[in-house]
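The residues making up each chain are set out below.
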Amino acid sequence: MLRRILLQKKIETLSLQFKNDLSEVRNSADLDLLKIKYLGMKGPVRELMKELRTVPEQERPLFGKSINDLKTELERSVETFEALLVNREQESQLNAETIDVTLPGRHRFPGRKHIITAALEEIIDILIGMGFTVEYGPDIDTDYYNFEALNFAPDHPARDMQDTFYISADYLLRTHTSNTQVRVMEKHEPPIRVIAPGKAYRNENVSARSHVFFHQIEGFYIDKNVTFSDLISTLDEFIKKLFKSDIKTRFRPSYFPFVEPGMEVDIWCLKCKGEGCPICKHTGWLEVCGAGMIHPEVLKNGGIDPEEYTGYAWGMGLERLIMLKYGIDDIRRFTENDLRFLRSFPGV
Ligand code: DAH
């Protein structure tokens, strides 16, 4: 009798305790623990079932049913709570995912080409359209290809340590892309119509006008009967295509050891249209490149007979062209990585 009352009491207490614990459950981890605590192998429900054996035979069905009812009650509660939790979790996930369509958009800046790359690609495209192919010479080269093969006398001031970065007694950083000329001549038979874009290096003080490295585009054409007027018309056409206007060009005699005759090419100042302004130092003209007819000695160094072939060459500074085109006054801007500068080129 006493045992029966005790067992009945136990069942009721357990049910109450369970309800109490359930009210503390906050998430599915808590619920799992609760499940193990009450319904696990070592839980109190199991214990009760074992105790059933101590109850007199005729009372067992009654108690067995009470224990089973308790078990079913606990299991149902756990299931119901589980469903509730899943709902709650889905709801809070949905809430977190809600999009506030009234928020102002965040501006994203996709990556874009550096103006040097973009301008170089544009120039290469124009020149390919004019019949040139692209070759690349090495940035690190020998004195021979950079100077000697290009007819620089051994005591030419450009070889001075002031201008040239020597890497060793034999190697230097090319001071111009003209180092590609003789290399290409050695490799190909005329007709040769090549452009050689790339970096050039000079040991100079960095200032608004000069830098220790910059980009150049070398161009040359070697064939039978290439004339000075071919050179002039090619440069004229190229410049008009690049600046997309009928811009005026001017050619002035100048000296470079590897061309004869040599010249410098000016364009009409884009800012003042030839009137004179601080950008063109009040001359109305801006220098854009050096050019000339390839010196017979240079052709010979490239294994080409100057009696049979003639050629022209030019070399232009890329930064300078971009500065003229966009009115930039300081060459250092290109390497400062100021995003406001880099993003300021329309359509690039
Ligand atoms: N290499 C020269 C320089 O860096 C530029 C140049 C001038 C290149 C005349 C040429 C040329 O091909 O014919 O100053």
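Here is a short report on the structure shown in this document. (Residues numbered from 1 in each chain as written. Predicted model: local features only at pLDDT ≥ 70, side-chain atom pairs only at ≥ 80, totals over all residues. Heavy atoms only, no water.)

**Focus on the sheet that holds strand β4 (residues 192-201)**
Okay, so step 1: The seven strands lie next to each other as β1-β4-β5-β9-β8-β7-β6, forming an open sheet whose pairing is mixed. Two strands close off the open sheet at either side, each with one partner strand: β1 (133-134) and β6 (249-254).
Okay, so step 2: Bridging between β4 and strand β5 (residues 213-223) involves 10 bridges; their strand directions are antiparallel. When the sheet's bridge partners are listed, A200 is paired in β5 with F214.
Okay, so step 3: Its contacts with the sheet place helix α8 (residues 228-243) against β6, β7 (259-268), β8 (285-294) and β9 (310-317), and it is angled at close to 25° to β7. (Pairing = 2+ DSSP bridges. Helix = DSSP H or I, 4+ residues; strand = E, 2+ residues; numbered from the N terminus. Contact = heavy atoms within 4.5 Å. Axes fitted to C-alpha atoms, helices over the stretch in contact; angles between N-to-C directions.)

**Considerations on the site of the ligand**
Okay, so step 1: H176, S178, R202, Q216 and E218 are the nearest of the 15 residues found near the ligand.
Okay, so step 2: In this structure, S178 approaches the ligand through a side-chain N or O atom, which is 2.9 Å from a nitrogen atom.
Okay, so step 3: Within the backbone of W314, a nitrogen or oxygen atom sits 3.3 Å from an oxygen atom of the ligand.
Okay, so step 4: Summarising the interface, the protein chains cover 90% of the accessible area of the ligand, which totals 350 Å² for the free molecule.
Okay, so step 5: Every element with two or more residues in the shell around the ligand is listed here: β5, β8 and β9.
Okay, so step 6: Partitioned by chemical class, the residues of the shell around the ligand number six nonpolar, seven polar and two charged. (Near = heavy atom within 4 Å. Polar contact = N/O pair within 3.5 Å; in protein donor to acceptor, adjacent residues only side chain to side chain. Areas by Shrake-Rupley, 256 points an atom, 1.4 Å probe, with all protein chains shown as cover. Nonpolar A, V, L, I, M, F, W, Y, C, P; charged D, E, K, R; others polar.)

**As for the packing of helix α1 (residues 2-24) against helix α3 (residues 44-51)**
Okay, so step 1: Following both chains from N to C, one finds α1 and α3 inclined at 170°, their axes separated by 11 Å at the closest point. It follows from the interaxial angle that α1 and α3 lie roughly antiparallel. In this structure, the crossing between α1 and α3 has a hand that is left-handed. Taking contact as the criterion, the partners of L7, K10, I11 and L14 in α1 are, on α3, P44, V45, L48 and E51.
Okay, so step 2: Its residues assigned to classes, the contact of α1 with α3 comprises six nonpolar, no polar and two charged. (Parallel < 35°, antiparallel > 145°, perpendicular 65-115°, else oblique. Left-handed = near helix turned anticlockwise from the far one by under 90°.)

**Some details on the state of the cysteines**
Should the sulfur atoms of two cysteines be covalently bonded, the bond is a disulfide.
Okay, so step 1: Evaluation of the coordinates by the stated rule reveals zero disulfides.
Okay, so step 2: In this structure C272 is not part of a disulfide, and its nearest cysteine sulfur, from C269, lies 3.6 Å away.
Okay, so step 3: Counting only cysteine sulfurs, C269 is the nearest neighbor of C289, a cysteine outside any disulfide, at a range of 17 Å. (Disulfide = S-S within 2.5 Å.)

**Focus on the packing of α1 against helix α4 (residues 60-97)**
Okay, so step 1: Following both chains from N to C, one finds α1 and α4 inclined at 0°, their axes separated by 11 Å at the closest point. One finds that α1 runs roughly parallel with respect to α4. Here R4, L7, Q8, I11, L14, S15, F18, K19 and L22 of α1 come into contact with α4, specifically with F63, S66, I67, L70, E73, L74, S77, V78 and F81.
Okay, so step 2: Of the residues contributing to the contact of α1 with α4, the split by class is 11 nonpolar, four polar and three charged.

**Details of a nonpolar patch on the surface**
Okay, so step 1: Together, I140, I167 and Y171 give the surface a local cluster of nonpolar side chains, amounting to about 290 Å² of exposed area.
Okay, so step 2: Relative to the assigned elements, Y171 resides in strand β3 (residues 171-173).
Okay, so step 3: Given the relative accessible area of 40%, Y171 is considered partly exposed. (Patch = residues over 30% accessible without salt bridge, like charges linked within 9 Å, V, L, I, M, F, W, Y side chains within 5 Å. Salt bridge = Lys/Arg side-chain N within 4 Å of Asp/Glu carboxyl O. Buried < 20%, exposed > 50% of the residue type's maximum accessible area, 1.4 Å probe, protein only.)

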